[in-house]
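# Architecture at a glance
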Amino acid sequence: MKINRIKQAFQSNFVRNVILVASGTAGGQAITMAFSPIITRVYGPEAFGLLGTFVATLGIVMPVAALCYPIAIVLPKSDDEARAIAKLSFRVALFIALMLGAVLLFAGKEIATLLGMEALAAFMLLIPLAMFFNALQQIMQQWLIRKEKFQVTARIAVTQSLILNSSKVGVGWFYPTGAVLIVIATLGHALYAIQLWFGAKRWAGEDGRIDKAKESVSLVKVAREHRDFPYYRAPQVAVNAVSESMPVLMLASFFGPATAGFYSLGRSVLSAPAVLIGTSIGNVFFPKIAEAYNAGENPTGFLNKATLATFFVGLLPFSIIMFFGVWVFEFVFGSQWTVAGQFAQWMAVWVLVSLSARPLIATIPVVKMQGIFLFLEVIYLGLKASALFIAGYIYEDALLAVKLYSLTTASFYVLLYMVTLGFVKISFSASKTGF
């Protein structure tokens, strides 16, 4: 009977919650896309390249901000334990941000020069600030996902997009530089965290308050109980971040900031439908798959259906870019962005495949295979780096670099899907037989 109730809840609420999350994400992405033709005419490829390099660098250090503890907020049965994880995440993030800030305060310029990123030397101290604000954003998002307060995140996604894009256009009209984009991006993380905090207090109700009076739960206990997140998930996310940041950093190194700007715009455009579909399905799927698995239900059926549904939903928008990417980019963003359209045609392949893996990624921490995930990420990181180096350094061909990187990344997610399905079947069979 308990399993049947979980199935009924999944079937009745899943689609409704996906639509709710999608409405907010779609609103935010629609605003971003509406502003994009203006922004790309205000800022040039070099400005986008500088922002892309900053975001890529930030993406590498972001996973260690709270050691991925915020992801565990969804998992406990007790709200008290979930709040303890949120408190632990905040303290870890604050400590790490302060330590990184101290290092960059005294050696930021030297580190930027050592890494070949002299253009970012003046912005190094913004990295720990953005990292800390992003950690706060993750904490609030995961708490609201746990409480299934999707209407709160939907509202804030729209207001966040409107404020950020308006700021880019307004300030950029007078100062169209990469520095402006970097500062706005940093402040954007802070604004998002603040909106989520006040939004939860205003719209989520007493049950959704993360600061509600609670029993004392040992932070040491929850840190140990969920230690697989800092041990495996944080390194895995860090490796994945390095993998996704490599094209921007290596293209900037081999071909200059303009080429990095072309890639950054292409990635930004492709992320619009990817975020819309992936966030909507992934955020709703995560708590449901955890609930079902904790009740002894085999998640294979849920996983297969969600993966196929995500793939077919994403097929239409990404197919358009695959076949007509150059024309779309020239028409929407201007003739100076033709190369970005060429890049996007190949990037759409791996973005579609990675999007389809969102339910898969949500399943991995539930079934405790984060160690395997990390191992595969490390192997493919080497393959992706080799592809970029061969195309960029040896053949000196930026488009070839994007092609090889895209195909290698797509193959990773296909392999990960097969490995995860096998792991789930074996572990579930073992649990049923008592081995």
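The shown structure was predicted, so the numbers you read here are calculated from the model rather than taken from an experiment. (Residues numbered from 1 in each chain as written. Predicted model: local features only at pLDDT ≥ 70, side-chain atom pairs only at ≥ 80, totals over all residues. Heavy atoms only, no water.)

This brings us to the overall build of the protein chain. Within the protein chain, the secondary structure is distributed over 14 helices and zero strands. Mapped in sequence order, the helices and strands of the protein chain form the string α-α-α-α-α-α-α-α-α-α-α-α-α-α. When burial is assessed residue by residue, the protein chain has 52% of its 435 residues classed as buried. Taking as baseline every contact in the protein chain between residues at least 6 positions apart, the subset at least 24 positions apart corresponds to 86%. (Helix = DSSP H or I, 4+ residues; strand = E, 2+ residues; numbered from the N terminus. Buried < 20%, exposed > 50% of the residue type's maximum accessible area, 1.4 Å probe, protein only. Contact = heavy atoms within 4.5 Å.)

Attention now goes to the nonpolar core. Within the largest apolar cluster, 104 residues are counted, with the highest numbers of intra-cluster contacts made by Tyr-43, Leu-120, Tyr-263, Leu-265, Leu-270, Phe-318 and Phe-329. Among residues more than four places away in sequence, those in contact with Leu-265 are Thr-40, Phe-48, Phe-329, Phe-333, Trp-337 and Ala-340. Counting residues in each nonpolar core, the second largest holds 15 residues, with Leu-360, Ile-361, Met-369 and Leu-376 among its members. (Core = buried A, V, L, I, M, F, W, Y, C linked by side-chain atoms within 4.5 Å.)

What the rule picks out here adds up to four salt bridges. Close ionic contact of Asp-79 with Arg-146 constitutes a salt bridge, the shortest N to O distance being 2.9 Å. Of this pair, Asp-79 sits in helix H3 (residues 79-114) while Arg-146 sits in helix H4 (residues 126-146), and the two are 67 residues apart along the sequence. Looking at Asp-79, the relative accessible area reads 22%, which means it is partly exposed. One salt bridge connects Asp-80 with Arg-83, and the closest N-O pair in it is separated by 3.9 Å. Placement of both Asp-80 and Arg-83 in helix H3 is noted, with a separation of three residues, approximately one turn of the helix. The exposure classification of Asp-80 matches that of Arg-83, with both residues buried. Each member of the salt-bridge network shares a partner with another, and the members are Asp-79, Arg-146 and Lys-147. (Salt bridge = Lys/Arg side-chain N within 4 Å of Asp/Glu carboxyl O.)

Turning to the packing of aromatic side chains, a few remarks are in order. A full pass over the atoms with the stated rule returns 14 aromatic pairs. Consider the rings of Phe-254 and Phe-255, whose centres lie 6.2 Å apart with planes at 75 degrees: the pair is edge-to-face. With a relative accessible area of 28%, Phe-254 lands in the partly exposed category. Ring geometry for Phe-329 versus Phe-333: centroids 5.2 Å apart, planes at 55 degrees, classification tilted. Residue Phe-329 and its partner Phe-333 are located together in helix H10 (residues 300-333), separated by four residues, close to a single helical turn. Exposure remark for Phe-329: the relative accessible area of 0% places this residue in the buried category. Here the aromatic cluster, defined as three or more aromatic residues joined through ring pairs, consists of Phe-254, Phe-255, Phe-389 and Tyr-393. The cationic tip of Lys-384 hangs over the ring face of Phe-412; the distance from NZ or CZ to the ring centre is 5.2 Å. (Phe/Tyr/Trp six-rings, centres within 6.5 Å; stacked < 30°, edge-to-face > 60°. Lys NZ or Arg CZ within 6 Å of the ring centre and 35° of its normal.)

Moving on: the side chain of Lys-147. For Lys-147, the location among the structural elements is in the loop between H4 and helix H5 (150-172). Only 2.7 Å separates the side chain of Lys-147 from the side chain of Asp-79, close enough to count as a polar contact. (Polar contact = N/O pair within 3.5 Å; in protein donor to acceptor, adjacent residues only side chain to side chain.)

Before going further, it helps to examine a nonpolar patch on the surface. There is a patch of nonpolar side chains on the surface, built from Leu-316, Ile-320, Phe-323, Phe-324, Trp-327 and Phe-331 and spanning about 770 Å² of accessible area. Within the element layout of this structure, Phe-323 appears in helix H10. We classify Phe-323 as exposed; its relative accessible area is 63%. (Patch = residues over 30% accessible without salt bridge, like charges linked within 9 Å, V, L, I, M, F, W, Y side chains within 5 Å. Areas by Shrake-Rupley, 256 points an atom, 1.4 Å probe, with all protein chains shown as cover.)

A few words now on the environment of Phe-133. Residue placement: Phe-133 occurs in helix H4. Of the residues examined, Phe-133 reaches a relative accessible area of 22% and is grouped as partly exposed. As a C-alpha pair, Phe-133 and Tyr-192 span 59 residues in sequence and 8.3 Å in three-dimensional space. Once you skip the residues sitting within four places of it in the chain, Phe-133 turns out to touch Thr-186, His-189, Ala-190 and Ala-193.

Right, let's get into helix H11 (residues 338-356). Across its 19 residues, H11 extends 27 Å between first and last C-alpha, which sits within 8% of the 27 Å expected from 1.5 Å per residue. Where H11 bends most, the angle comes to about 35 degrees, and this point is Met-347. Every buried residue belonging to H11 is among Ala-340, Gly-341, Phe-343, Ala-344, Met-347, Ala-348, Trp-350, Val-351, Leu-352, Ser-354, Leu-355 and Ser-356, and all of these are buried. (Expected span 1.5 Å × (residues − 1). Bend = angle between axes of the 7 residues up to and from the residue.)

Before going further, it helps to examine the packing of helix H2 (residues 45-61) against H4. In the contact formed by H2 and H4, the axes pass within 10 Å of each other and the chain directions differ by 60 degrees. It follows from the interaxial angle that H2 and H4 lie oblique. As H2 runs across H4, the sense of the crossing is right-handed. Contacts between H2 and H4 involve Phe-54, Thr-57, Leu-58 and Val-61 on the former and, on the latter, Leu-126, Ile-127, Ala-130 and Met-131. The class makeup of the residues in the contact of H2 with H4 is seven nonpolar, one polar and no charged. (Axes fitted to C-alpha atoms, helices over the stretch in contact; angles between N-to-C directions. Parallel < 35°, antiparallel > 145°, perpendicular 65-115°, else oblique. Left-handed = near helix turned anticlockwise from the far one by under 90°. Nonpolar A, V, L, I, M, F, W, Y, C, P; charged D, E, K, R; others polar.)

So, about the confidence of the model for the protein chain. Model confidence for the protein chain is summarised by a mean pLDDT of 84, while 87% of its residues fall at 70 or above. At the low end of the mean pLDDT range in the protein chain sits helix H1 (residues 2-42), at 69; at the high end sits H11, at 94. (pLDDT = per-residue confidence, 0-100.)

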